[in-house]
Amino acid sequence: DGGITQSPKYLFRKEGQNVTLSCEQNLNHDAMYWYRQDPGQGLRLIYYSQIVNDFQKGDIAEGYSVSREKKESFPLTVTSAQKNPTAFYLCASSPSGASYEKLFFGSGTQLSVL
Amino acid sequence: DAKTTQPPSMDCAEGRAANLPCNHSTISGNEYVYWYRQIHSQGPQYIIHGLKNNETNEMASLIITEDRKSSTLILPHATLRDTAVYYCIVRSYGGSQGNLIFGKGTKLSVKP
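Cut-off values and rules
- Residues numbered from 1 in each chain as written.
- Chains lettered and ligands numbered in written order.
- Predicted model: local features only at pLDDT ≥ 70, side-chain atom pairs only at ≥ 80, totals over all residues.
- Heavy atoms only, no water.
- Contact = heavy atoms within 4.5 Å.
- Buried area = accessible area lost by both parts, 1.4 Å probe.
- Salt bridge = Lys/Arg side-chain N within 4 Å of Asp/Glu carboxyl O.
- Polar contact = N/O pair within 3.5 Å; in protein donor to acceptor, adjacent residues only side chain to side chain.
- Helix = DSSP H or I, 4+ residues; strand = E, 2+ residues; numbered from the N terminus.
- Nonpolar A, V, L, I, M, F, W, Y, C, P; charged D, E, K, R; others polar.
- Pairing = 2+ DSSP bridges.
- Axes fitted to C-alpha atoms, helices over the stretch in contact; angles between N-to-C directions.
- Disulfide = S-S within 2.5 Å.
- Buried < 20%, exposed > 50% of the residue type's maximum accessible area, 1.4 Å probe, protein only.

Draft legend 1. Broad picture of the interface of chain B and chain A. Taken residue by residue, the interface counts 23 residues in chain B and 24 residues in chain A. Taking both sides of the interface into account, the surface hidden between chain B and chain A amounts to around 1800 Å²; carbon and sulfur atoms contribute 51%. Applying the counting criterion to the chain B and chain A interface returns zero salt bridges. At the boundary of chain B and chain A, one finds five residue pairs in polar contact (both at pLDDT 80 or more). The leading source of residues in the side of chain B that touches chain A is strand β3 (residues 32–38) of chain B, at four residues. Within the side of chain B that touches chain A, the residues separate by chemical class into nine nonpolar, 12 polar and two charged.

Below is the structure:
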């Protein structure tokens, strides 16, 4: 089946630890996105990428890092600099990133701090 | 900040039409209106989008006013499975190319 796979579904982070969230897509999409969602809130953009080896900061990039070495993969690292990492993280993709395209979302990763 | 304004919550009786309003008074000429919905702890699901003409698909209808400052999403026969948070989004294409700006959405509760 075509789609976006996020793993793990649940993740726990210890103080001072970096953790990496996986996002893989087999839709052959060029553009990929990471969003953060806090309880009762909408989604906020962390990073996005429209082509391999290139990515741009979103509205809340501080404390996060990404890489885009392969078209199908866009991992997000939550670093120890992110002081409030507990949230629901969503990955999405679209064919090219143009404004008329719809986004396809993964099922999300819930990150909690121990 | 989100560019859209939606009521925080709405109720709808099962089998009736659900009409969800959205205000986007600052929309520019090349921005699309998108609707997504999110069931608890899942990724958002695309519903429909439009530029200036009314649109219909198998899930819903989108009515956009002539001045494009507001729109309404219509679920013609709401079911209990339509209970979700519905997001009205204006798709910007500029410095943050192609990203969606999400507000808090409308929590729709479909009741038996």
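Still more to cover.
Draft legend 2. Quick peek at the sheet that holds strand β1 (residues 9–13) of chain B. Residue and element names in this part refer to chain B. Reading across the sheet, the five strands line up as β1-β9-β8-β3-β4 and stay open at both edges, with mixed pairing between neighbours. Two strands bound the open sheet, and with one partner strand each, they are β1 and β4 (45–50). With direction set aside, neighbouring strand axes in the sheet form an average angle of 25°. Sheet topology note: the β3/strand β8 (residues 84–91) ladder contains seven bridges and is antiparallel.

Draft legend 3. Region of the structure containing the state of the cysteines. Taken as a whole, this structure holds two disulfides over all chains when the rule is applied. The side chain of A:Cys23 participates in a disulfide bridge whose partner is A:Cys91; the two sulfur atoms lie 1.9 Å from each other. The chirality of the disulfide connecting A:Cys23 with A:Cys91 is left-handed, given an S-S dihedral of about -75°. Of the two residues, A:Cys23 is situated in strand β3 (residues 19–25) and A:Cys91 in strand β9 (residues 87–94); the sequence distance between them amounts to 68 residues. Neither residue differs from the other here; A:Cys23 and A:Cys91 are each classed as buried. Cysteine B:Cys12 shares no disulfide, and the gap to the nearest cysteine sulfur, in B:Cys22, comes to 18 Å. Owing to a relative accessible area of 9%, B:Cys12 belongs among the buried residues under this scheme.

Draft legend 4. Spotlight on the environment of A:Val78. Residues and elements named next belong to chain A. Along the chain, the position of Val 78 falls in strand β8 (residues 76–78). Note on Val 78: relative accessible area 0%, which makes it buried. Sequence separation of Val 78 and Gln 17 is 61 residues, and the distance between their C-alpha atoms is 8.5 Å. For Val 78, the residues in contact, after removing those within four places along its chain, are Arg 13, Gln 17, Asn 18, Val 19, Leu 21, Gly 63, Tyr 64, Pro 85, Tyr 89 and Leu 111.

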